[in-house]
Amino acid sequence: MSGGDGVGVGPTLSGARDDLGEAARASSGQLDGVDHFLGNELGRPGFSAAVEPVLRITPGTGETIGFETSDAVYAELHGHHDLAQLSVPINPVTGPVFVEGAMPGDALAVTVHDIRLVDHGWSVSLPGSGALQHVMGDEMFTRRVPIDADGVHVTSRHTFAARPMIGCMGTAPAEGENSTIMPAYPQGGNMDVTENTIGSTVYLPVMVEGAYLSIGDVHAIMAEGESSFVAIEAQGTAVVSIDLVKGLGLRAPRIETADDWIFVGLGDPVQESVRRGYEDAFAFLVDDHGWSRGDAYAVLSAVGHSRLGGPTGSVAPDPLHPFAAVGAVTLHRVPKSVL
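The following refers to the structure shown. (Residues numbered from 1 in each chain as written. Predicted model: local features only at pLDDT ≥ 70, side-chain atom pairs only at ≥ 80, totals over all residues. Heavy atoms only, no water.)

## Section: the pairing of strand β9 (residues 141–148)
Link 1 in the chain: Pairing of strand β8 (residues 107–125) with β9, which is carried by six bridges, proceeds in the antiparallel orientation. Bridging across to β9, Trp122 finds its partner in Arg144.
Link 2 in the chain: Two strands pair when backbone bridges link them, and β9 and strand β10 (residues 151–153) are joined in this way by two bridges, in the antiparallel orientation. Within the sheet, the bridge partner assigned to Ile147 lies in β10 and is Val152.
Link 3 in the chain: The antiparallel hairpin formed by β9 and β10 contains two residues in its connecting segment. (Pairing = 2+ DSSP bridges. Helix = DSSP H or I, 4+ residues; strand = E, 2+ residues; numbered from the N terminus.)

## Examining the nonpolar core
Link 1 in the chain: Counting 46 residues, the largest nonpolar core has Leu108, Val152, Met169 and Leu213 as its most contacted members.
Link 2 in the chain: Beyond its immediate sequence surroundings of up to four residues, Leu213 is in contact with Phe67, Thr94, Gly95, Pro96, Val97, Leu108, Val110, Met169, Gly170, Leu204 and Ile242.
Link 3 in the chain: Counting residues in each nonpolar core, the second largest holds 14 residues, with Ala107, Phe263, Leu285 and Val334 among its members. (Core = buried A, V, L, I, M, F, W, Y, C linked by side-chain atoms within 4.5 Å. Buried < 20%, exposed > 50% of the residue type's maximum accessible area, 1.4 Å probe, protein only. Contact = heavy atoms within 4.5 Å.)

## Quick word on the pattern of salt bridges
Link 1 in the chain: Per the stated rule, a full pass over the model turns up 14 salt bridges.
Link 2 in the chain: Here Asp280 makes a salt bridge to Arg251, at a shortest N to O gap of 2.8 Å. Remark: Arg251 occurs in the loop between β17 (232–245) and β18 (254–256) and Asp280 occurs in helix α3 (residues 270–288); sequence separation between them is 29 residues.
Link 3 in the chain: Under the relative-accessibility criterion, Asp280 is labelled buried at 13%.
Link 4 in the chain: It is possible to trace a salt-bridge network through shared partners that takes in Glu195, Glu224, Asp260, Arg307 and Arg333. (Salt bridge = Lys/Arg side-chain N within 4 Å of Asp/Glu carboxyl O.)

## Structural notes on empty space enclosed by the protein
Link 1 in the chain: As enumerated under the stated definition, the model contains two cavities of 30 Å³ or more in all.
Link 2 in the chain: There is about 100 Å³ of room inside the largest cavity.
Link 3 in the chain: What lines the largest cavity is a set of 14 residues, among which Tyr74, Ile90, Asn91, Asn190 and Phe229 lie closest to the centre.
Link 4 in the chain: A per-class count over the lining of the largest cavity returns seven nonpolar, three polar and four charged.
Link 5 in the chain: Every residue lining the second largest cavity is listed: Ser70, Asp71, Val73, Tyr74, Asn91, Pro92, Asp217, Val218, Glu233 and Ala234.
Link 6 in the chain: Elements represented by at least two residues in the lining of the second largest cavity include exactly α1 (72–80), β16 (213–221) and β17. (1 Å grid on protein atoms, 1.4 Å probe; cavity = no way out; pocket = protein on both sides within 12 Å on 5 of 7 lines; lining within 4 Å. Points joined across faces, edges and corners; volume = space filled by probe spheres on them. Nonpolar A, V, L, I, M, F, W, Y, C, P; charged D, E, K, R; others polar.)

## Here's the deal with the environment of Val264
Link 1 in the chain: Relative to the assigned elements, Val264 resides in strand β19 (residues 260–267).
Link 2 in the chain: Residue Val264 is classed as buried on the basis of its relative accessible area, which comes to 2%.
Link 3 in the chain: Each C-alpha atom, one on Val264 and one on Ala131, is 21 Å from the other, the two residues being 133 residues apart in sequence.
Link 4 in the chain: Aside from chain neighbours lying at most four places away, what touches Val264 is Ala252, Pro253, Asp280, Val329, Thr330 and Leu331.

## Focus on the environment of Pro127
Link 1 in the chain: Within the element layout of this structure, Pro127 appears in the loop between β8 and α2 (133–136).
Link 2 in the chain: For the pair formed by Pro127 and Asp138, sequence separation is eleven residues and the distance between their alpha carbons is 5.1 Å.
Link 3 in the chain: With sequence-adjacent residues up to four places away left out, Pro127 is seen in contact with Gly137, Asp138, Glu139 and Met140.

Structure follows, in structure tokens:
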């Protein structure tokens, strides 16, 4: 069934899968209005071009792809409260999808049409992670959170309208493998920004032929900044379409919403992230839209709002402390009304 905001809520659908060849495993018609469905059994903990694509897609056709995500890690933690006992990965991403014609220097434009949730999510505190780790202590907290047409039942007294978003979306790096936990990368990854939601288009740099797009980490609702490092996590299916922008040459992701262009800043320390995000916004106005430098400077000073993004940082952490963020993700907003 669906809530009043158009977000689908109900059990994950199942059906027979079609063999598309070359390790492609997708099924059509498994979800209403979805051309290709990728089940969460295709999830893996990394972005890499060394993985065989599960689907090949021609961009610009309007074909939709449903990326089913997994909440298995939170169900396990709810059962035994022990990270050492996990048998499934944290933040697996479903994919990758090979985009025909995508070459280094291009950008994918991934439009999010829908995010369909199952009937529950999870609130979990991971000891040693998040801004509230010192007050939550070493004992893990978990809660199963019902989701229905009335909303997300976070407590017995607090039900909030679902605001589903995608935490983890990215393309493959030029070499090696990017983490799906942290940091956030120029190619995307675990950015955890609330604007990656229904109606938005996310622009991601292409570093390898085919781009290798993967998506995971759906949230039923998440406060900006994700103070706990874990929001109300939920299994879901993100329904997207893919376009290709040749030669766009992005150095970091950007997000287009109905009202704004949002430029993701990445850097260490946070001042470096802020500088890079504002530089990209400035270049967008001057280079792409032909503004004078003075006009771009003045308008950004007046209405170019910025804020902190997700909690995962922008630099790889010490491997011994995988939840300790280094650097910062920042967001820089240019209203479309000024263009």
